[in-house]
Amino acid sequence: MNSPLSIQLAYRPDLDLFTARWLTFHTLSTERAEYEAVLQAPEALGTPHWLLDVRRRPTTDPEAARWVTTDWLPRAAALVRPAYLRLAFLVAPVRAENLREDDELRAIMEAAYADTDTLALRTFTDEGAAVAWLLGRLD
């Protein structure tokens, strides 16, 4: 399904995997609306295994990262309860580096990587590794 917000949403029943792919570079002003659209997607309700491909958005800022991790993620996990949400962010290498090197972003992400009783989150630069982790084939 193509969204007017430039994201593609899909459910793969063969892998029991929901994918949201950002198709174009977008600005922070549209980011929240796009994340909200993900929560509204019927495809998201079919599985607790989510892959969010944000490679076309090479960087983020602390405000956006904080909103995603403290506001959006708990709501995403609530959608699939009682299942345990496993969410993989597929990021560009420059974004992975930015998440590691920016002190504020690193602190936000380290807190988000702490598994809870409702969700686990990881970031990947390789889609194969992300899917393997989502399906429990890689820890």
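Just above, that's the structure.
Residues numbered from 1 in each chain as written. Predicted model: local features only at pLDDT ≥ 70, side-chain atom pairs only at ≥ 80, totals over all residues. Heavy atoms only, no water.

(A) Fine view of the overall build of the protein. Counting secondary structure elements, the protein contains five helices and five strands. Seen in sequence order, the protein has helices and strands lined up from the N terminus as β-β-α-β-α-β-α-α-β-α. Contacts in the protein between residues far apart in sequence, at least 24 positions, make up 72% of those at least 6 positions apart. Surface summary for the protein: the accessible area is close to 6,800 Å², and the carbon and sulfur share equals 54%. (Helix = DSSP H or I, 4+ residues; strand = E, 2+ residues; numbered from the N terminus. Contact = heavy atoms within 4.5 Å. Areas by Shrake-Rupley, 256 points an atom, 1.4 Å probe, with all protein chains shown as cover.)

(B) Local environment of unusual backbone geometry. Of the consecutive residues Arg81 and Pro82, the connecting peptide bond is found in the cis state with omega at 10 degrees. If you trace the backbone, Pro82 turns up in the loop between α2 (62-80) and β4 (85-90). If you check the backbone angles, Asp16 has positive phi at about 50 degrees while not being a glycine. Mapping Asp16 onto the fold places it in the loop between β1 (7-12) and β2 (17-22).

(C) Layout of the pattern of salt bridges. All chains considered together, the criterion is met by eleven salt bridges. Taking the shortest distance from any N to any O, the salt bridge between Arg122 and Asp115 comes out at 3.0 Å. The partly exposed category is assigned to Arg122, whose relative accessible area is 25%. Within the structure, one salt-bridge network assembled from shared partners comprises Arg21, Asp53, Arg55 and Glu127. (Salt bridge = Lys/Arg side-chain N within 4 Å of Asp/Glu carboxyl O. Buried < 20%, exposed > 50% of the residue type's maximum accessible area, 1.4 Å probe, protein only.)

(D) View of the sheet that holds strand β5 (residues 119-124). The mixed open sheet is built from five strands, whose spatial order is β1-β2-β3-β4-β5. Of all the strands in the sheet, just β1 and β5 have a single pairing partner and so form its edges. The sheet shows a mean angle of 15 degrees between the axes of neighbouring strands, direction not considered. (Pairing = 2+ DSSP bridges. Axes fitted to C-alpha atoms, helices over the stretch in contact; angles between N-to-C directions.)

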